[in-house]
Amino acid sequence: MSTDVTTPGELTSFGVATLFIDGKWEAADTGATFDVTDPATGTIIGQASDAGGAETDRAIAAASDAWPAWARETAYRRAEVLRAAHDLMVERAEDLAHLMTSEQGKPLRAARNEVRYAADFLAWFAEEAKRVYGQTIPSNRSSHRFTVLKQPVGVVAGITPWNYPMSMITRKVAPAVAAGCTIVLKPAEQTPLCAAAVFKVFEDAGFPPGVANLVTTQRPEQVGDRLLDDARVRKLTFTGSTEVGTVLAGRAAATMKRVSLELGGHAPMIVFDDADPEHAAKGVSLVKFLNAGQACISPNRIYVQRGIVERFLEVLTDRTAALEAGPGHQANVGIGPLIDQASLEKVQRQIDDAVGRGARLLVGGRRLTDNGLDRGYFFAPTVLADVDESMVIYREETFGPLAAVIAFDTEDEVIAKANDTQYGLASYVYTRDLGRAVRVSEALRFGIVGVNDINPTGAQAPFGGRGSSGLGREGGAEGIDEYLDVKLVGLAL
Ligand code: NAD
């Protein structure tokens, strides 16, 4: 880490008190902590408080007590604290980005982009707070009126993953707080310091006590059990794997909580032969290796029309080979480490399976261990050609730097193949034919379609999936609706 930035410890300055409950920083009741490790070097960069059920109960109680007053505040007041949080986050962006690189591994430039993205949700929902419009509906009776109100659902439980350790938090906390809800958030055990630094921003921005509470733990089931079983919690918002999300949604049904789920994906990328293969290959290399492939919208199946597939592979292979892997604080690093050993093994297993079934390995294909990289979880960015339906990678989310390319012949064929998945989050199309762009984007059964666009996301746009990729939307005008109940008021005159 360079010497002119604040270290994670200084930035968070919590010691081991990383629980933020009712406006106060606390250690776990038992004093228990867990280590936080830099995935690039294996170095322990700090400790976080290891909360259990009792601390979670207190956080729920704080959120529940704070809720009525927060719900009564004007939208303008709620907007004020969110705007202040946005401004503080932008002010601290450099320190936050360095912390993120140390804790999660992404290159500094990508970490800076994520901090900006995280702050965008605070600004966007500060404005959306003021636009929670109700409705009047003409009644079928002359002496009668209908009015529709939108009211905050109450206490929210938020559970977030490690791969986007700041923006996934603001994408939940900002709309919840804007709507007049209060929240208890449990971040991933790999990235509790990023979460604490974001909550420090909330504290300093003037969030009233109890409005946003943070419970760090390395025992997610214990905290999750309390959040899910407590009837005071009226909504679960979860981002993470489909496996865990499915179990939690089932549990939430027992107390009939509202649920939104942002889960895994298996994005198809379709490159038609009317597109420029070089431009498309450049786009694919950018989006595929972003965050070392650890993104839910990462292309997992790259379909390229047969006439341009070899040229496409040539450019993609060259660009992939040129990517420099290393610790994210180093200059020129284009790809950081994976999060852990299990992730390395999963990528290797998918490659071995595919090559064993006839895929061509064009570049990469192995763990990187030279020049000190063996201390971290680095995997060489990889390109596989001739991938087909028989291979594990064709169905299983990779979450690693592995580009799997499949040749196709016709538009109808590729649409059918792209849609042949349980997932439905992101999809991408490269074409210069306008009619085709419209036809294909309408036919793809996914929540998001990028047409000649590798970044179809933004705080102002609704993000979310269908099928096994989840329920509900985050961001956009839709994002705040997830935290609002609809109330019908009938009035007999
Ligand atoms: P994960 O499901 O293992 O963990 C996600 C969160 O759930 C973590 O905070 C974890 O501690 C918590 N958790 C796990 N078991 C729990 C339990 N029993 N009770 C309560 N909480 C529990 O997922 P991950 O490996 O951290 O993240 C990767 C996954 O997230 C990928 O599948 C990826 O596609 C998905 N993801 C989706 C989006 C999206 O917006 N759709 C965004 C980022 C990541």
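Rules used in this analysis
Residues numbered from 1 in each chain as written. Predicted model: local features only at pLDDT ≥ 70, side-chain atom pairs only at ≥ 80, totals over all residues. Heavy atoms only, no water. Helix = DSSP H or I, 4+ residues; strand = E, 2+ residues; numbered from the N terminus. Buried < 20%, exposed > 50% of the residue type's maximum accessible area, 1.4 Å probe, protein only. Expected span 1.5 Å × (residues − 1). Pairing = 2+ DSSP bridges. Axes fitted to C-alpha atoms, helices over the stretch in contact; angles between N-to-C directions. Contact = heavy atoms within 4.5 Å. Phe/Tyr/Trp six-rings, centres within 6.5 Å; stacked < 30°, edge-to-face > 60°. Lys NZ or Arg CZ within 6 Å of the ring centre and 35° of its normal. Domains from an automatic or database assignment. Buried area = accessible area lost by both parts, 1.4 Å probe. Polar contact = N/O pair within 3.5 Å; in protein donor to acceptor, adjacent residues only side chain to side chain.

1. Looking at unusual backbone geometry
Turning to step 1, where the next piece is worked out: Of note in the backbone geometry, Met256 takes a positive phi value of approximately 50 degrees without being a glycine.
Turning to step 2, where the next piece is worked out: Here Met256 is to be found in the loop between helix 9 (242-253) and strand 11 (258-262).
Turning to step 3, where the next piece is worked out: For Met256, a relative accessible area of 63% puts it in the exposed group.
Turning to step 4, where the next piece is worked out: Residues other than glycine seldom take positive phi values, yet Asn452 does so here, at roughly 55 degrees.
Turning to step 5, where the next piece is worked out: Of note, Asn452 is situated in the loop between strand 18 (448-451) and strand 19 (470-471).

2. Observations regarding helix 6 (residues 167-179)
Turning to step 1, where the next piece is worked out: The first and last C-alpha atoms of helix 6 sit 18 Å apart over 13 residues, in line with the 18 Å expected at 1.5 Å per residue.
Turning to step 2, where the next piece is worked out: Across the 13 residues that make up helix 6, a large majority, 13, are buried.
Turning to step 3, where the next piece is worked out: One or two residues past the end of helix 6 sits Gly180, with phi positive at roughly 100 degrees.

3. What about the sheet that holds strand 18?
Turning to step 1, where the next piece is worked out: Pairing is mixed across the open sheet formed by 7 strands, whose spatial order is 14-15-16-13-12-17-18. Of all strands in the sheet, those with a lone pairing partner are strand 14 (360-363) and strand 18, marking the two edges. Each strand of the sheet is rotated relative to its neighbour by a mean of 20 degrees, with strand direction disregarded.
Turning to step 2, where the next piece is worked out: Along the sheet face, helix 14 (residues 434-443) touches strand 12 (267-271), strand 13 (299-305), strand 17 (426-430) and strand 18 and points at about 165 degrees away from the line of strand 18.

4. Quick word on the packing of aromatic side chains
Turning to step 1, where the next piece is worked out: If you walk through the whole model with that rule in mind, you get 8 aromatic pairs.
Turning to step 2, where the next piece is worked out: Arranged with centres 5.8 Å apart and planes meeting at 85 degrees, the rings of Trp162 and Phe399 form a pair that is edge-to-face. Highlighted residues: Trp162 in the loop between strand 7 (155-159) and helix 6 and Phe399 in the loop between strand 15 (382-385) and strand 16 (402-408), separated in sequence by 237 residues.
Turning to step 3, where the next piece is worked out: For Trp162, a relative accessible area of 13% puts it in the buried group.
Turning to step 4, where the next piece is worked out: For the ring pair Tyr303 and Tyr394, a centre distance of 6.4 Å and an interplane angle of 85 degrees mean the geometry is edge-to-face. With Tyr303 in strand 13 and Tyr394 in the loop between strand 15 and strand 16, the pair connects residues that are 91 residues apart, well separated along the chain. By the burial criterion, Tyr303 is buried, and Tyr394 matches it.
Turning to step 5, where the next piece is worked out: Taken together, Phe20, Trp25, Phe199, Phe202 and Phe207 form an aromatic cluster joined through their ring pairs.
Turning to step 6, where the next piece is worked out: For Lys106, the ring lying beneath its charged end belongs to Tyr164, and the centroid distance is 3.8 Å.

5. Observations concerning the environment of Val16
Turning to step 1, where the next piece is worked out: Mapping Val16 onto the fold places it in the loop between helix 1 (8-12) and strand 1 (19-21).
Turning to step 2, where the next piece is worked out: Taking the C-alpha atoms as reference, Val16 lies 36 Å from Gln348; in sequence the two are 332 residues apart.
Turning to step 3, where the next piece is worked out: Not counting residues within four places of it along the chain, the set of residues in contact with Val16 comprises Ala27, Thr33, Gln47, Ala48 and Ser49.

6. Things to note about the domain arrangement of the chain
Turning to step 1, where the next piece is worked out: Taken domain by domain, the chain comprises domain 1 (10-264 + 470-492) and domain 2 (267-422 + 426-458).
Turning to step 2, where the next piece is worked out: The gap between the C-alpha centroids of domain 1 and domain 2 is 31 Å.
Turning to step 3, where the next piece is worked out: Each partner contributes to the interface: domain 1 provides 21 residues, whereas domain 2 provides 24 residues.
Turning to step 4, where the next piece is worked out: Interface of domain 1 and domain 2: buried area, both sides summed, is about 1800 Å²; carbon and sulfur atoms make up 60% of it.
Turning to step 5, where the next piece is worked out: Summed over the shared surface of domain 1 and domain 2, the result is 7 residue pairs in polar contact (both at pLDDT 80 or more).
Turning to step 6, where the next piece is worked out: Mapped onto the side of domain 1 that touches domain 2, the elements with two or more residues apiece are helix 4 (93-104) and helix 5 (108-128).
Turning to step 7, where the next piece is worked out: Examining the composition of the side of domain 1 that touches domain 2, we find that 4 residues originate from one element, helix 4, more than from any other.

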